[in-house]
Amino acid sequence: MKIIDGKETAQQIKNEIADEVAAMLNSREQGPHLVAVLVGEDPASQTYVRNKEKACAQVGIISSVYKYPESISEKELLEVVDFINNDDEIDGLIVQLPLPKHISEKKIIEKINPAKDVDGFHPLNVGRMALNLPTYLPATPYGILQLIERYNIETEGKSCVVLGRSHIVGSPISILLSRKAYPGNCTVTVCHSRTKNLKQIAKSADILIVAMGQPQFVTEDMVKKDAVVIDVGIHRVPSDKTKSGFRLVGDVLFDEVSKKAGYITPVPGGVGPMTIVSLLMNTLKAAKKEIYF
Ligand code: L34
């Protein structure tokens, strides 16, 4: 069994991005500029956005976080997005999800200028992804592709099972891995809450991508020997062994499944750091006007 080290891979990619940002500064006054909009006080969202700010600082990307209380109205948030869309100094814009229930995520995402949509969540960018046109790939799926690539994992002709069909992970990764490309050319099956025989289907996977949001759901008996297991889940469970009072676990029961898998991503230190690095890559693309010009 080999651990897929997302933290180390993310660091390598950050070094590469830092070089590119430095090179850019020969012809441009400022580094790329990312704005993250954060609504409310969700502790996990705060951690993720803080990690994004730190990563930006490490590579020379300017980042600003616009914070708003839980009580902000949908109309006000739409105006915030519009304001950022029109600020020429800003290359990339993300609105950290989830949003409070009284705000439609769909409406907010549709308001983002596709050229600044470095999360790749706008319908136009999702469509471009599905058609294999140049676009910003959504950060988590993009991070998974980079792990597969950097670990030289074969994908052609493999059976890939995706557990979960969310707009931000399950659905896009299933599209990306079925494309005629590397990584890609997989035979992809998407499982979800209405799937019958989910366990048997999971067990048929050469590559198992787990993004269903259920702590330690995948057990050893659901995994084929030597499969590649990518764990996208991230949950805080109570623990009396840590200072914070919680520890992080994924959607996979790591201790058990790691004995059977060929490759596996840990939580933390697997997909999470790669999500962040993908956002940096997209922000660099936005600043270079590689996709929209
Ligand atoms: N708009 N909303 C928008 N874009 C995104 O790309 C995200 N996502 C997901 C949630 N909402 C979003 C993230 O940023 C998940 N996500 C994310 C980002 C970073 C990390 C995990 C999820 C991360 O840094 N994970 C660390 C541990 C962090 C901790 O201590 O909690 C890791 O090693 O996995």
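Computed from a prediction, not measured in an experiment: that's the story for all the values here. (Residues numbered from 1 in each chain as written. Predicted model: local features only at pLDDT ≥ 70, side-chain atom pairs only at ≥ 80, totals over all residues. Heavy atoms only, no water.)

1. As for the nonpolar core
So, step 1. Core analysis: the biggest nonpolar cluster contains 51 residues, and Ile-17, Ile-144, Leu-177, Ile-209, Ile-230, Val-232 and Leu-280 have the highest contact counts within it.
So, step 2. The biggest single contributor to this core is helix 10 (residues 271-287), with 10 residues.
So, step 3. For Ile-230, the residues in contact, after removing those within four places along its chain, are Ile-4, Ile-144, Leu-208, Ile-209, Val-210, Thr-265 and Val-271.
So, step 4. Counting residues in each nonpolar core, the second largest holds 18 residues, with Val-80, Ile-84, Ile-90 and Leu-93 among its members. (Core = buried A, V, L, I, M, F, W, Y, C linked by side-chain atoms within 4.5 Å. Buried < 20%, exposed > 50% of the residue type's maximum accessible area, 1.4 Å probe, protein only. Helix = DSSP H or I, 4+ residues; strand = E, 2+ residues; numbered from the N terminus. Contact = heavy atoms within 4.5 Å.)

2. Some words on the packing of helix 6 (residues 139-150) against helix 7 (residues 170-178)
So, step 1. Contact geometry for helix 6 and helix 7: axes closest at 9 Å, N-to-C directions at 40 degrees. Here helix 6 lies oblique to helix 7, going by the angle between them. Classified by chirality, the crossing of helix 7 by helix 6 is right-handed. Across the interface between the two elements, Pro-141, Ile-144, Leu-145 and Ile-148 of helix 6 pack against Pro-172, Ile-173, Leu-176 and Leu-177 of helix 7. (Axes fitted to C-alpha atoms, helices over the stretch in contact; angles between N-to-C directions. Parallel < 35°, antiparallel > 145°, perpendicular 65-115°, else oblique. Left-handed = near helix turned anticlockwise from the far one by under 90°.)

3. With respect to the sheet that holds strand 5 (residues 159-163)
So, step 1. Across the sheet, 6 strands lie side by side as 1-11-8-7-5-6; this open sheet has parallel pairing. Edge strands, defined here as strands with exactly one partner in the open sheet, are strand 1 (2-3) and strand 6 (187-191).
So, step 2. Note: strand 8 (residues 228-231) against strand 11 (residues 263-264), 2 bridges, orientation parallel. For Val-228, the partnering residue across the bridge sits in strand 11 and is Tyr-263. (Pairing = 2+ DSSP bridges.)

4. Focus: the pattern of salt bridges
So, step 1. Going through the model one piece at a time under the given rule, you end up with 9 salt bridges.
So, step 2. Its salt-bridge partner being Asp-91, residue Arg-28 comes within 3.3 Å of it at the nearest N-O pair. A residue pair is termed long-range when its members are at least 10 positions apart, and Arg-28 in the loop between helix 1 (6-24) and strand 2 (33-39) and Asp-91 in the loop between helix 3 (74-85) and strand 4 (92-95) qualify at 63 residues.
So, step 3. Exposure remark for Arg-28: the relative accessible area of 27% places this residue in the partly exposed category. (Salt bridge = Lys/Arg side-chain N within 4 Å of Asp/Glu carboxyl O.)

5. Re the site of the ligand
So, step 1. Near the ligand, the surroundings consist of 18 residues, among which Asn-51, Lys-52, Val-95, Asp-119 and Gly-269 are the closest.
So, step 2. Between the ligand and Gln-96, the relevant distance is 3.3 Å, taken from a nitrogen atom to a side-chain nitrogen or oxygen of the residue.
So, step 3. Take Leu-97: an N or O atom from its main chain is 2.9 Å from a nitrogen atom of the ligand.
So, step 4. Going through the elements one at a time, helix 2 (43-59) and helix 10 are the ones with two or more residues in the shell around the ligand.
So, step 5. Tallied by class, residues from the shell around the ligand come to 9 nonpolar, 6 polar and 3 charged. (Near = heavy atom within 4 Å. Polar contact = N/O pair within 3.5 Å; in protein donor to acceptor, adjacent residues only side chain to side chain. Nonpolar A, V, L, I, M, F, W, Y, C, P; charged D, E, K, R; others polar.)

6. Brief notes about the environment of Gly-262
So, step 1. Mapping Gly-262 onto the fold places it in the loop between helix 9 (254-257) and strand 11.
So, step 2. As for Gly-262 and Val-118, which are separated by 144 residues in sequence, their C-alpha atoms are 32 Å apart.

7. Remarks on the packing of aromatic side chains
The geometry of two aromatic rings is summed up by the distance between their centres and the angle between their planes.
So, step 1. A complete count under the given rule lists 2 aromatic pairs for this structure.
So, step 2. Stacked on the ring of Tyr-292, the Lys or Arg Arg-128 has its end atom at 5.3 Å from the ring centre. (Phe/Tyr/Trp six-rings, centres within 6.5 Å; stacked < 30°, edge-to-face > 60°. Lys NZ or Arg CZ within 6 Å of the ring centre and 35° of its normal.)

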